[in-house]
Amino acid sequence: MRVSLIQLAVDAAESPDERRERAAGLVRAESGSDLVVLPEMWTTGAFACADFLPGEAESPTDGPTARLMSAAARDAGVWLHAGSIIEQAGDEGLFNTSLLFTPGGELARTYRKIHLFGFDQGEAVLMSAGREVVTAELPETVIGLATCYDLRFPELFRALVDAGAETLVIPAGWPAARRAHWTLLARARAVEDQAYVLAVGTAGTNGGVEQAGHSIVVDPWGEVLAEAGAGEEILRLDLDMDRVARTRKEFPALRNRVLGLGSL
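We now turn to the structure provided with this report. Keep in mind it's a predicted model, so treat the numbers as computed, not measured.

### Remarks on unusual backbone geometry
One non-glycine residue, Met41, adopts positive backbone phi at about 40°. On the secondary structure map, Met41 appears in the loop between strand S2 (35–37) and helix H2 (49–52). What makes Met41 buried here is its relative accessible area of 1%.

The following block contains the structure:
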């Protein structure tokens, strides 16, 4: 499976509308890939979302981001994980919601971020938390969806594996100050779940916070196959999807799970 991870620069020098158009062009240029992934909240910036609310909240089905990303996926003929948007969900409030489009441009899945970052500020108080574990079956693999701060909570990823996930896709807006955690946790999730990890961050600075960049692809044995630098960059590589099954067969640690399975 050929994947493209678009580490998009997000800062105030470019408007959300301009960035949407530019991102759509970058997706279209990846027409040779099977799966293209964008970062978390790249329209507003994960740390600048409060500056845009509520005007930047949008519909996951017919909002400006959804319309452009649907068209870009269709034009490129790729599965597109379009990162996440601020979803306006009526009486339910606002969600940090990821969008997955088919090569035909149909919205296949949405995932509302479960673990909200900020403690007593930011998205933790501005948005509502999702409740659903979400996977999607692609022709080459089953992907499990998670977002940024979710990476710190291994129980979510075990739930995704239990639901059949073989590839874990994690768009993020991770701060540069904690970049070492980003790399460490991405590798840990790959090793403990014996799955590919595709973790895609933003570059630039938003909300006064320098972004980590360093998008990363990790194989089921924990080997880093590709890692970006700090600036805007696209990672492109071919993945051997049979490696997941081989790793789980050759080192069947998942079979030895005890806790979380209902009894000791």
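### Comments concerning the environment of Ala66
With respect to the helices and strands, the residue Ala66 is situated in helix H3 (residues 64–76). When the C-alpha positions of Ala66 and Leu100 are compared, they lie 9.6 Å apart, and in sequence the two are 34 residues distant. In this structure Ala66 touches Glu58, Ser59, Pro60, Thr61, Leu99 and Phe101, once residues within four positions along its chain are discounted.

### Topic: the nonpolar core
Considering soluble globular proteins, one finds that nonpolar side chains tend to be buried as a cluster. Counting 47 residues, the largest nonpolar core has Val3, Leu35, Phe157, Val197, Leu198 and Leu239 as its most contacted members. No other element matches the 5 residues that strand S9 (residues 196–200) contributes to this core. When neighbours within four sequence positions are excluded, Phe157 is seen to be in contact with Ala146, Asp150, Leu151, Leu168, Ile170, Arg189 and Asp193.

### Concerning the sheet that holds strand S1 (residues 2–7)
Within the open sheet, the 6 strands sit side by side as S5-S4-S3-S2-S1-S14. Their pairing is mixed. Every other strand in the sheet has two partners, leaving strand S5 (107–112) and strand S14 (233–238) as the edge strands with one partner each. Recorded for the sheet is a direction-independent mean angle of 20° between the axes of neighbouring strands. Examined bridge by bridge, S1 and S2 share 3 bridges and lie parallel to one another. The residue of S2 that forms the bridge with Val3 is Leu35.

### Focus: the pattern of salt bridges
Taken as a whole and judged by the stated rule, the model has 19 salt bridges. The partner of Glu30 in a salt bridge is Arg236, and the shortest N-O contact between them spans 2.9 Å. Here Glu30, found in the loop between helix H1 (16–28) and S2, pairs with Arg236, found in strand S14; they are 206 residues apart in sequence, far enough to count as distant. By relative accessible area, Glu30 is classed as buried at 3%. Notably, a salt bridge pairs Glu40 with Lys113, separated by 2.9 Å at the nearest N-O pair. Here Lys113 lies in the loop between S5 and helix H4 (123–126) and Glu40 lies in the loop between S2 and H2, a separation of 73 residues in the sequence. When its relative accessible area of 1% is taken as the criterion, Lys113 is described as buried. Each of the salt bridges in this network shares a partner with another, and the network as a whole consists of Glu14, Arg19, Arg22 and Glu232.

Conventions used here
Residues numbered from 1 in each chain as written. Predicted model: local features only at pLDDT ≥ 70, side-chain atom pairs only at ≥ 80, totals over all residues. Heavy atoms only, no water. Helix = DSSP H or I, 4+ residues; strand = E, 2+ residues; numbered from the N terminus. Buried < 20%, exposed > 50% of the residue type's maximum accessible area, 1.4 Å probe, protein only. Contact = heavy atoms within 4.5 Å. Core = buried A, V, L, I, M, F, W, Y, C linked by side-chain atoms within 4.5 Å. Pairing = 2+ DSSP bridges. Axes fitted to C-alpha atoms, helices over the stretch in contact; angles between N-to-C directions. Salt bridge = Lys/Arg side-chain N within 4 Å of Asp/Glu carboxyl O.

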